[in-house]
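Examining the three-dimensional arrangement
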Amino acid sequence: MAIGRPISIGSGQIASKNISFTATSGQTIFNIPGGYNLNQIHVYRNGVRLNTPADFSAIDSSNVTLLSAAANGDIIDIVYV
């Protein structure tokens, strides 16, 4: 007999996805294949978490736009659902 409540994977539990980009000089737009849910996205630039709306916008469920252009070789990591 188990102690406690068994783990249940239901509709309320959504796994996050990760995507990483290596930016080109001046790049500001990054496309998320398959899209993302609004207000459920985190963006990192070279390991530093960016804030919305100060650092990026994510308002159309498919693109993330940096407000300050990336430098060549910047790593942009995006965690989303």
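Residues numbered from 1 in each chain as written. Predicted model: local features only at pLDDT ≥ 70, side-chain atom pairs only at ≥ 80, totals over all residues. Heavy atoms only, no water.

**So, the pairing of strand S3 (residues 41-45)**
Taking every second residue as pointing to the same face, the buried face of S3 carries Ile 41, Val 43 and Arg 45, while none of His 42 and Tyr 44 on the other face is buried. Bridge count between S3 and strand S4 (residues 48-49): two bridges; the pairing is antiparallel. Bridge pairing in S4 links Arg 45 to Val 48. Connecting S3 to the next strand, S4, in antiparallel fashion are two residues, including Asn 46 with a positive phi near 50°. (Buried < 20%, exposed > 50% of the residue type's maximum accessible area, 1.4 Å probe, protein only. Helix = DSSP H or I, 4+ residues; strand = E, 2+ residues; numbered from the N terminus. Pairing = 2+ DSSP bridges.)

**Considering the layout of surface pockets**
Any space left empty among the atoms is revealed by the rolling of a water-sized probe across them. Considering only enclosed or pocket space, the largest pocket measures out at about 170 Å³ in volume. What lines the largest pocket is simply Asn 39, Gln 40, Ile 41, His 42, Val 43, Arg 49, Leu 50, Asn 51, Thr 52, Phe 56, Ala 58 and Ile 59. Here the lining of the largest pocket takes three residues from S3, the largest share from any one element. (1 Å grid on protein atoms, 1.4 Å probe; cavity = no way out; pocket = protein on both sides within 12 Å on 5 of 7 lines; lining within 4 Å. Points joined across faces, edges and corners; volume = space filled by probe spheres on them.)

**What to know about the pattern of salt bridges**
Taken as a whole and assessed by the stated rule, the structure comprises one salt bridge. Here Asp 74 makes a salt bridge to Arg 45, at a shortest N to O gap of 3.0 Å. Separated by 29 residues along the polypeptide, Asp 74 in the loop between strand S6 (63-66) and strand S7 (75-80) and Arg 45 in strand S3 bring together distant segments of the chain. Like Arg 45, Asp 74 is buried. (Salt bridge = Lys/Arg side-chain N within 4 Å of Asp/Glu carboxyl O.)

**Some thoughts on the sheet that holds S7**
Taken together, the four strands give an open sheet; going across it, the order is S1-S7-S3-S4, and neighbouring strands pair in antiparallel fashion. Both edges of this open sheet fall to strand S1 (17-22) and S4, since each of them pairs with a single strand only. Bridge count for S3 against S7 is five bridges, and the pairing is antiparallel. Within S7, the residue paired with Val 43 across the bridge is Ile 78.

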